[in-house]
Amino acid sequence: EFRIAVVGPGASFALGVFFLLLDSFFVYGTTLVAEGRVLRHLGIVNLVLATFNLLPGYPLDGGRVLRAYLWKRSGDPLRAMRTARGAGRSIAIALLAVGAYVFLFTDRMTGLWAFSFGVVLLLMLGLSDNAWAHGAQAVSRVMRRPAVAVEPSMTVGRLVHDVLPEHR
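These numbers were taken from a predicted model, which means no experiment stands behind them.

A. Geometry of the nonpolar core. With six residues, the main nonpolar core is built from Leu60, Ile91, Ala92, Leu95, Ala114 and Leu121. Contributions of two or more residues to this core are made by helix 4 (77-105) and helix 5 (108-142). Sorting elements by how many residues they give to this core places helix 4 first, with three residues. Discounting chain neighbours no more than four positions away, the residues touching Ala114 are Leu95 and Gly99.

Set out below in structure tokens:
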């Protein structure tokens, strides 16, 4: 899970650096002002996204990294999940508070964005409650043995029409 969780922010970070380097080496100082602005904005947005996703609170990627680390250290997946979810809840509440303050006293759009992110994180935490708690049991209950294998070249249409009706 650790490896999977760091791929998203890693890709965003790499894209951010790539776009900023592209702007610096090929566009900056030329007459391509609009293209330079687009590249700079893409770079900055990707770096901000990578940073935000690495915040150590579930369901963000940083929370998944935290959960994987705590799980490996303690061997207790439920305790690790509770801790990561608690951190995620704290981040969501902080975003709600900061968003409300910024909305009321400084910049309405920035405040609305921060508040919205806090709401989305809280909703995602609520949706993940049941899914994570019952996930390991649900897979074993619905999985059929032996598993049905299909050829890598099979089309999705053929899979849906020919294989899935016969094999759940």
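B. Layout of a nonpolar patch on the surface. Residues Tyr101, Phe103, Leu104, Phe105, Met109, Leu112, Trp113 and Phe117 make up a contiguous nonpolar surface patch of roughly 900 Å² in combined accessible area. Along the polypeptide, Met109 turns up in helix 5.

C. Inspection of the pattern of salt bridges at higher detail. The tally for this structure, following the rule as stated, stands at four salt bridges. A salt bridge links Arg158 to Asp162; the shortest N-O distance between them is 3.6 Å. Placement of the pair is Arg158 and Asp162 together in helix 6 (residues 156-163), with a separation of four residues, close to one helical turn. By relative accessible area, Arg158 is classed as partly exposed at 46%.

D. Spotlight on the environment of Trp71. By the secondary structure assignment, Trp71 is in helix 3 (residues 61-74). Taking C-alpha positions, Trp71 is 8.0 Å from Met81, a pair spaced 10 residues apart along the chain. Not counting residues up to four positions away in its chain, the partners in contact with Trp71 are Glu1, Asp76, Pro77 and Ala80.

E. Geometry of the environment of His167. Summarising the element assignment, His167 is placed in the segment after helix 6. Residue His167 is classed as partly exposed on the basis of its relative accessible area of 37%.

Conventions adopted
Once a new chain begins, its residue numbering starts again from 1 and follows that chain's sequence as written. Thresholds applied to this predicted model are a pLDDT of at least 70 for local features of residues and 80 or more for the giving and counting of side-chain atom pairs; totals over whole chains, interfaces and linings are not thresholded and use all residues. Computation of side-chain values covers all heavy atoms of the structure but excludes hydrogens and water. By convention a nonpolar core is built from buried Ala, Val, Leu, Ile, Met, Phe, Trp, Tyr and Cys residues, the set being connected through side-chain atoms within 4.5 Å. Each residue gets one of three labels from its accessible area relative to the maximum for its type: buried under 20%, exposed over 50%, partly exposed in between, using a 1.4 Å probe on protein chains only. The numbering of helices and of strands both runs from the N terminus, where a helix is a DSSP run of H or I of at least 4 residues and a strand a run of E of at least 2. Throughout, a contact is declared for two residues whenever any of their heavy atoms are within 4.5 Å. A residue counts toward a patch only above 30% relative accessible area and without a salt bridge, and it is joined to like-charged neighbours within 9 Å or, for Val, Leu, Ile, Met, Phe, Trp and Tyr, to nonpolar neighbours within 5 Å. Each accessible area value is a Shrake-Rupley result obtained with a 1.4 Å probe; residue values ignore everything except the protein chains displayed when judging cover. Counted as salt bridges are all cases of a side-chain nitrogen of Lys or Arg within 4 Å of a carboxyl oxygen of Asp or Glu.

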